[in-house]
Amino acid sequence: MLKPLGDRVVVKFEEEKEQTVGGFVLAGAHKESTRKAEVLAVSETGIRTITGDIVAPSVKVGDQVLVESGHDLEVSLENETVSLIREADILAIITN
């Protein structure tokens, strides 16, 4: 597993499939501006401010989050594809 540094977070996005009533899978012509993901790893240190203070991460492993599309770096490790994102690209934590 990856150990993110700084304000980075490792997430796994939910699979996006669009299907018609007949069961045909449609090509991703329409991409949403946000995507759901599960947090797999979080940096231990957080980010440093201009004054030198450290701001701890706001998310934790296991959180379901909403992320802006297009702000991720896909990485393949051990036959699994995960994404690295900045914590600032997380829009919200999804709660029940």
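Where an unreviewed UniProt entry is consulted, the chain appears under the name Co-chaperonin GroES, with the organism given as Streptococcus didelphis. The record in UniProt for the chain states the following under Sequence similarities (unreviewed entry): "Belongs to the GroES chaperonin family."

**Student:** I'm lost on the nonpolar core in this one. Help?
**Tutor:** Nonpolar side chains in soluble globular proteins tend to end up buried together. The biggest cluster of nonpolar side chains holds eleven residues, and these are Val-9, Val-11, Phe-13, Ala-37, Val-39, Val-42, Val-59, Val-65, Val-67, Ile-85 and Ile-90. Contributions of two or more residues to this core are made by β1 (8-13), β4 (34-42) and β7 (64-68). In contact with Phe-13, other than residues within four places in its own chain, are Arg-35, Lys-36, Ala-37, Val-67, Asp-72 and Ser-83.

**Student:** Looking at this model, I keep getting lost on the pattern of salt bridges. Mind explaining?
**Tutor:** Side chains that carry opposite charge are capable of pairing whenever their charged atoms lie near each other. Summed over all chains, the structure comprises three salt bridges. Where Asp-7 meets Arg-8, a salt bridge forms, and the shortest distance between an N and an O atom there is 3.5 Å. A residue is classified by how much of its surface remains accessible, and Arg-8, at 31% relative accessible area, is partly exposed. Here Asp-63 and Lys-60 are joined by a salt bridge, their closest N and O atoms 3.1 Å apart.

Calculation criteria
- Residues numbered from 1 in each chain as written.
- Predicted model: local features only at pLDDT ≥ 70, side-chain atom pairs only at ≥ 80, totals over all residues.
- Heavy atoms only, no water.
- UniProt positions renumbered as here; feature names shortened; annotations may be inferred.
- Core = buried A, V, L, I, M, F, W, Y, C linked by side-chain atoms within 4.5 Å.
- Buried < 20%, exposed > 50% of the residue type's maximum accessible area, 1.4 Å probe, protein only.
- Helix = DSSP H or I, 4+ residues; strand = E, 2+ residues; numbered from the N terminus.
- Contact = heavy atoms within 4.5 Å.
- Salt bridge = Lys/Arg side-chain N within 4 Å of Asp/Glu carboxyl O.

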